[in-house]
Amino acid sequence: MVLRTKWTCELTEALDGKAVNVAGWVHSKRNLGGIRFLLLRDKTGIIQVTAIKKKLEPELFATIASLSKESVVSVSGQVKKNNQAPHGVEIIPETVTVLNPADTPLPLDVTGKVHAELDTRLDNRVVDLRRQNVTRVFIIKDALLAEFRRKCDDEGFVEVHTPKIVAAGAEGGSTLFPIAYFDREAYLAQSPQLYKQMLMGSGLDRILEIAPAWRAEKSDTIRHLSEFISIDMEMAFIESEEDVMGMLERVLAHALEHVRTSCSLQLEEMGVELPEVSIPFPRVTYSEAVELINASSETEVEWGEDLSTEAEKVLGKIMAEKGHDLYFITEYPSRIKPFYIMVNDERPEVCRAFDLEFSGMEITSGGQREHRHDVLINRMKEQGLDTSDFTFYLDAFRFGMPPHGGLGLGIERVVQIILDVKNIRETVLFPRDRSRLVP
Ligand code: ATP
Ligand code: MG
């Protein structure tokens, strides 16, 4: 028997009297004695199956009556117009095949009527994902990534895959995950930073990578994961970091606009409205940001220190009042940015780094990189790094490295912000954090 001839969303009054097979999960059941209503859910929606005792074989009625919620079934029957049924149609069953009965009790209520804590949801993620507002997050994440990738392709970016088992980190030792690599210690890549820069010496010119990155984040926050998907872009022959910022705003605004229109139904069902994004995004220098934040007297930043989460939020509020959700922070103090960022030659206290902020949260760090071998070595020494650990990287700068720049963007943070999801863990199918290693 064919398990499915129609999706539930395809069942309309036009099919009145027609035979169909639908397949999915038993969403809920209602017992009116002589009548049993069964709501069957598939990927596209829900359909009512109406079993009238007097009109059915006793065996079939008994099967329907005995089904546990979330059992997997295929129902064949006739479509019937019924104004009282959701969507105006129901199915009068002829056979019900139980493909897999579900155990009871369920770990959480799929209909969403009973609230479940995030931990319970994540512990039982597969069942949690049966809720449409949960899967919608991943449909939207997919649309965002796909369009980002497509637009980068238009812009001449080549998608690459750099090694994820690495010998050295680029983003500070404290968040490295060590792993046993035969008889040596290696690490899970924190970012493709070193490799994407090395590839700028290859002639590929513009590269894109969309891949997991790992950070052993010690603190438990709503915006940090141990494993996240990083979109990394790197481009050669740039004049300044402005070229990278211009590229990012074009690609991101395009991808967000695509989501706003192509996922309008999902967004509406989630009760989310995406603002129209216009470019260019405003640029605020780090010094201006510090002034704005300090003038607010909500929190304080000393020039030269990194912006705290609180300071970022305060700036987010100030910018929102001016009508800006997305804005760049530029000209960071050189000493708080990594060695690979180019220092401003005229004003060495600041560098060519930028962050892109979205509603008071960092979503991207990027900048122009230092491509001059001797200057790069000095920067590494200044930051207390042992250059001999980085020979494989530095060698790429000895034989012709063009000026270049790039960025890393955490896709989960973007999804978290646009869907107004409280905790970043909700934007990952199976999130990893300090305490969570399964499922
Ligand atoms: P933060 O200061 O917010 O911890 P970061 O400056 O350490 O972030 P970068 O090294 O600049 O992060 O990484 C580039 C981007 O990758 C960030 O802007 C963010 O979008 C994303 N990202 C970094 N760490 C995480 C994480 N632990 N979980 C989720 N996304 C992350
Ligand atoms: Mg950063």
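See the structure above.
Residues numbered from 1 in each chain as written. Chains lettered and ligands numbered in written order. Predicted model: local features only at pLDDT ≥ 70, side-chain atom pairs only at ≥ 80, totals over all residues. Heavy atoms only, no water.

Describing the site of ligand 1
Okay, so step 1: Near ligand 1 lie 14 residues; those nearest to it are His224, Leu225, Glu362, Ile363 and Arg413.
Okay, so step 2: Residue arginine 223 places a side-chain N or O atom 3.4 Å away from an oxygen atom belonging to ligand 1.
Okay, so step 3: Here arginine 413 contributes a side-chain N or O atom positioned 2.9 Å from an oxygen atom of ligand 1.
Okay, so step 4: Relative to its unbound accessible surface of 590 Å², ligand 1 loses 83% to contact with the protein.
Okay, so step 5: Counting only elements with at least two residues in the shell around ligand 1, the list comes to strand E15 (361-368) and strand E16 (404-410).
Okay, so step 6: By residue number, the principal contributor to the shell around ligand 1 is E15, which donates four residues.
Okay, so step 7: In terms of residue class, the shell around ligand 1 is made up of four nonpolar, five polar and five charged. (Near = heavy atom within 4 Å. Polar contact = N/O pair within 3.5 Å; in protein donor to acceptor, adjacent residues only side chain to side chain. Areas by Shrake-Rupley, 256 points an atom, 1.4 Å probe, with all protein chains shown as cover. Helix = DSSP H or I, 4+ residues; strand = E, 2+ residues; numbered from the N terminus. Nonpolar A, V, L, I, M, F, W, Y, C, P; charged D, E, K, R; others polar.)

A short note on the sheet that holds strand E7 (residues 165-166)
Okay, so step 1: Read from one edge of the open sheet, three strands run E7-E9-E8, paired in antiparallel fashion. One side of each edge strand has no neighbouring strand; the edge strands of this open sheet are E7 and strand E8 (177-181).
Okay, so step 2: Examined bridge by bridge, E7 and strand E9 (residues 184-188) share two bridges and lie antiparallel to one another. Bridged to valine 166 within E9 is tyrosine 187. (Pairing = 2+ DSSP bridges.)

Details of the coordination of the magnesium ion (ligand 2)
Okay, so step 1: Around the magnesium ion (ligand 2), the protein contributes the donor atoms Glu362 (OE) and Ser365 (OG), which lie 2.2 to 2.3 Å from the metal centre.
Okay, so step 2: Since its relative accessible area comes to 23%, glutamate 362 is described here as partly exposed. (Donors = N, O, S within 2.8 Å, 3.2 Å for Na, K, Ca; no water. Buried < 20%, exposed > 50% of the residue type's maximum accessible area, 1.4 Å probe, protein only.)

What about the nonpolar core?
Okay, so step 1: Among the nonpolar cores identified, the biggest contains 49 residues, and Phe148, Ile231, Met233, Leu248, Leu252 and Leu419 are the most heavily contacted of them.
Okay, so step 2: Per-element accounting of this core gives the leading share, 10 residues, to helix H6 (residues 241-262).
Okay, so step 3: Residues contacting leucine 248, with those up to four places away along its chain left out, are Phe148, Ala253, Phe328, Phe354, Leu356, Thr364, Leu407 and Leu409.
Okay, so step 4: Judged by nonpolar contacts, the second largest core, of 36 residues, contains Ile293, Ile341, Leu394 and Met401. (Core = buried A, V, L, I, M, F, W, Y, C linked by side-chain atoms within 4.5 Å. Contact = heavy atoms within 4.5 Å.)

A few points about the sheet that holds E15
Okay, so step 1: The mixed open sheet is built from eight strands, whose spatial order is E6-E10-E11-E16-E15-E14-E13-E12. Single-partner strands in this sheet number two, and they are strand E6 (158-159) and strand E12 (283-285).
Okay, so step 2: Two strands pair when backbone bridges link them, and strand E14 (residues 353-358) and E15 are joined in this way by six bridges, in the antiparallel orientation. Each bridged residue has a counterpart across the sheet, and for glutamate 357 the counterpart in E15 is glutamate 362.

Structural notes on the pattern of salt bridges
Okay, so step 1: Applying the stated rule across the entire model yields 34 salt bridges.
Okay, so step 2: The partner of glutamate 269 in a salt bridge is arginine 136, with the nearest N and O atoms 2.9 Å apart. One end of the pair, glutamate 269, is in helix H7 (residues 264-270); the other, arginine 136, is in helix H4 (residues 132-154), and 133 residues separate them in sequence.
Okay, so step 3: Looking at glutamate 269, the relative accessible area reads 46%, which means it is partly exposed.
Okay, so step 4: Between aspartate 395 and arginine 398 there is a salt bridge, and its shortest N-O distance comes to 3.0 Å.
Okay, so step 5: For aspartate 395, a relative accessible area of 29% corresponds to the partly exposed category.
Okay, so step 6: A single salt-bridge network, built from bridges that share partners, covers Arg121, Arg125, Asp128, Arg131 and Glu426. (Salt bridge = Lys/Arg side-chain N within 4 Å of Asp/Glu carboxyl O.)

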